[in-house]
Amino acid sequence: MSKTKRRYVCQACGAVSHRWQGQCGDCAEWNTLVEDTPASVFSLKHDLSNGGRAIEFVKLDAPGEPLRRRSTGLAEFDRALGGGLVPGAAILMGGDPGIGKSTLLLQASARLAGEGADVVYVSGEEAAGQVRLRAARLGHAGAAIRFASATSVRDILTTLGQGKAPELLVIDSIQTMHSDTIEGAPGTVSQVRGCAFELIRYAKESGCALVLVGHVTKDGTIAGPRVLEHMVDVVMSFEGERSHQYRILRALKNRFGAVDEIGVFAMAGQGLDEVPNPSSLFLTGREEPVAGSAVFPALEGTRPVLVEVQALIVRLQSGATPRRAVVGWDGGRLAMLLAVLESRCGLNFSSAEVYLNVSGGYRLSDPAADVAVAAALISALADKALPLRSAWFGEVSLAGEVRPVAHAGLRLREAAKLGFELACGPEDIGDVPQGLRYQGIDRLPKLVDRIMAG
Ligand code: TYD
Ligand code: MG
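As a starting point, this report considers the structure included with it. (Residues numbered from 1 in each chain as written. Chains lettered and ligands numbered in written order. Predicted model: local features only at pLDDT ≥ 70, side-chain atom pairs only at ≥ 80, totals over all residues. Heavy atoms only, no water.)

Let's talk about the overall build of the protein
To be explicit about the condition: Put simply, DSSP H or I for four residues or longer makes a helix, DSSP E for two residues or longer makes a strand, and each gets a number counted from the N terminus. The buried label goes to any residue with under 20% of its type's maximum accessible area, the exposed label to any with over 50%, and the partly exposed label to all in between, with areas taken from a 1.4 Å probe on protein chains only. Any two residues having at least one pair of non-hydrogen atoms within 4.5 Å are treated as being in contact. By the counting rule applied here, Lys and Arg register as positive and Asp and Glu as negative, while His and the ends of each chain are not counted. Here the site of a charge means NZ on Lys, CZ on Arg, CG on Asp, or CD on Glu.
Assigned secondary structure in the protein consists of 11 helices and 21 strands. Across its three principal directions, the C-alpha atoms of the protein cover 85 × 70 × 50 Å. A buried classification covers 45% of the 454 residues belonging to the protein. Here the analysis covers contacts within the protein between residues at least 6 apart in sequence; of these, 65% occur between residues at least 24 apart. Each charge class in the protein was averaged separately, 48 positive and 50 negative side chains, and the resulting centres sit 3 Å apart.

Given below as structure tokens:
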């Protein structure tokens, strides 16, 4: 008799181990290893005598039902969703605590209800009194939302199953939900996954759009198993600095649309205001162009972020060794770029102190920042400001060529979305979004000419 080997499968990431451990060696989740009995090997007869049923194949080019979308009542929310809510879609909304997820969803729910939609909002975190106060503050005190403070998925689904399904169901948050068919406290991996599974199944069967609020862990991922991201149709992230007013809503995954559209909001006294023209937020107090400042459309993973690169050049009279100080960028790369500017463009930084700073405490590692840094340096050296609302990107080689970079289209769309009018970067980047003037630059000396020409 052969000895059957025991195997344990992590319920969070699916990693297999031959020894039971308290912590998964792959994803570092605790208490997720469960013994797995391998299915006995058997072979199926390839005909209908084995009890299987024939599945039906359909042609993908056959006319199907067009996707019906419903506006959330907030144009920026719709934009991030790729055009609005799709019936039966499950949306996971992640974001730091206090960033405004509940506010955004309450506002969208109230707008939808105002248009006659049936909206159910279930909060496991806040009591009705608290939510009532918030609704009053948002000017939606009279909204016809069906609100409940509940945490039992069984109770929620039993109640909803008794009547017609709502058009939107908001669950705030999935980590507070609890299912009595699953062991463990609310917020544990198996509870979060089990509750999400039940709720998503309800959404698919009834056709109601479902929004699950998800808390974010310190490293920025949505708490609970990553598998939650696979279960839903749309993963959204609501981001921003709590000390700043603006908030950005992005889709990180969208089975019904593109993921490179963002929605921009500003947190005000009466809730979130939509910001159809975000440059007004990002370029605050920047009515006058300043020499030495260049905006760079950076990429964080596949997410575009606009950051400002600032350079300051101080001419030295004495023969002392000039300082070079960098915050937020690589010092070695700055030295290289200065050398290229000196040898290929004939600029002279040798007797000047050079300071470089990336605003907002952001750290740049994207090689496409070269052109933005070069533009800031040239602008500071010449004491000539770059045009307002201009963005700069591209990689610079030692020969002084400007090289193509990844995701130029994504960077340009973000810049255009945020109200930028001019972009300079590598040549031949393909389609340029509407409203944006693009100037391709093949060599660094051309960049100098471009900046000097104003
Ligand atoms: P909230 O929606 O509760 O955040 P989340 O659900 O993501 O945890 O938002 C809480 C913050 O928003 C709170 O710190 C105060 C601020 N806020 C305003 O500035 N104005 C408002 O009108 C509202 C409702 C909240
Ligand atoms: Mg909340």
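So, the packing of aromatic side chains
Condition: What counts as a ring pair is set by centres within 6.5 Å for rings of Phe, Tyr and Trp (its six-membered ring), and what kind of pair is set by the plane angle: stacked under 30 degrees, edge-to-face over 60, tilted for all other angles.
Going through the model one piece at a time under the given rule, you end up with 3 aromatic pairs. Measuring from centroid to centroid gives 5.9 Å for F238 and F265, while their planes differ by 80°, and the two rings are edge-to-face. In this pair, F238 is assigned in strand β9 (residues 234-239) and F265 in strand β11 (residues 262-268), connecting sequence segments 27 residues apart. With relative accessibility at 2%, the residue F238 sits in the buried group.

Overview of the sheet that holds strand β12 (residues 271-274)
Spelled out, the test is: A pair of strands is treated as paired once DSSP finds two or more bridges between them. Interaxial angle, 0 to 180 degrees, is taken between N-to-C directions of lines fitted to C-alpha atoms, where a helix line uses only the stretch in contact.
In space, the 9 strands of this open sheet follow the order β6-β5-β7-β8-β4-β9-β10-β11-β12, with mixed pairing throughout. Single-partner strands in this sheet number two, and they are β6 (146-149) and β12. Here the strands of the sheet are splayed against their neighbours by 25° on average, with no regard to which way each runs. Where strand β10 (residues 246-254) lies against β11, 5 bridges are found, and the strand directions are antiparallel. Paired with Y246 across the bridge in β11 is A266.

A word on the sheet that holds strand β3 (residues 33-36)
Through backbone hydrogen bonds, the strands of a sheet pair up, either in parallel or in antiparallel fashion. What the 3 strands build is an open sheet, ordered β2-β1-β3; its pairing is antiparallel. The sheet is open, and its two borders are formed by β2 (16-17) and β3, each paired with just one other strand. As paired strands, strand β1 (residues 7-10) and β2 are joined by 2 bridges and run antiparallel to one another. Each bridged residue has a counterpart across the sheet, and for Y8 the counterpart in β2 is S17.

Quick look at empty space enclosed by the protein
Condition: A 1.4 Å probe that fits but cannot get out identifies a cavity on a 1 Å grid over protein atoms alone, an open set with protein on both sides within 12 Å along at least five of seven lines counts as a pocket, and a residue lines either if it has an atom within 4 Å of a point. Grid points are joined across faces, edges and corners, and a volume is the space filled by probe spheres set on the points. The residue classification treats Ala, Val, Leu, Ile, Met, Phe, Trp, Tyr, Cys and Pro as nonpolar and Asp, Glu, Lys and Arg as charged. All others, Gly included, are polar.
Counting across every chain of the model gives 2 cavities of 30 Å³ or more. What the largest cavity holds in volume is close to 40 Å³. Around the largest cavity sit R69, L81, G84, L85, V86, A89, I91, V234, N254 and F256, which together line it. Class assignment of the residues belonging to the lining of the largest cavity gives a composition of 7 nonpolar, 2 polar and 1 charged. In this model, the second largest cavity occupies a volume close to 30 Å³. Lining the second largest cavity, in full, are A385, L386, P387, W392, R450, I451 and G454. Within the lining of the second largest cavity, the residues separate by chemical class into 5 nonpolar, 1 polar and 1 charged.

Quick word on the site of ligand 1
So the rule is basically this: We call a residue near a given molecule or strand whenever any one of its heavy atoms falls within 4 Å of it. Whenever two N or O atoms come within 3.5 Å, that pair is a polar contact, provided that in protein one can donate a hydrogen and the other can accept it, and provided that, for residues adjacent in sequence, both atoms are side-chain atoms. Shrake-Rupley sampling with a 1.4 Å probe provides the accessible areas, and residues are treated as covered by the protein chains on show and by no other component.
With respect to spatial proximity, 16 residues lie near ligand 1, and among them G98, K101, S102, T103 and G271 are the closest. A distance of 2.8 Å separates an oxygen atom of ligand 1 from a polar atom in the backbone of K101. R134 is positioned such that a nitrogen or oxygen atom in its side chain is 2.9 Å from an oxygen atom of ligand 1. For ligand 1, the protein covers 75% of the area, taking 550 Å² as the surface of the free molecule. Looking at the shell around ligand 1, the elements with two or more residues in it are α2 (101-114), α3 (128-137) and β11. Top element by residues in the shell around ligand 1 is α2. It accounts for 3 residues.

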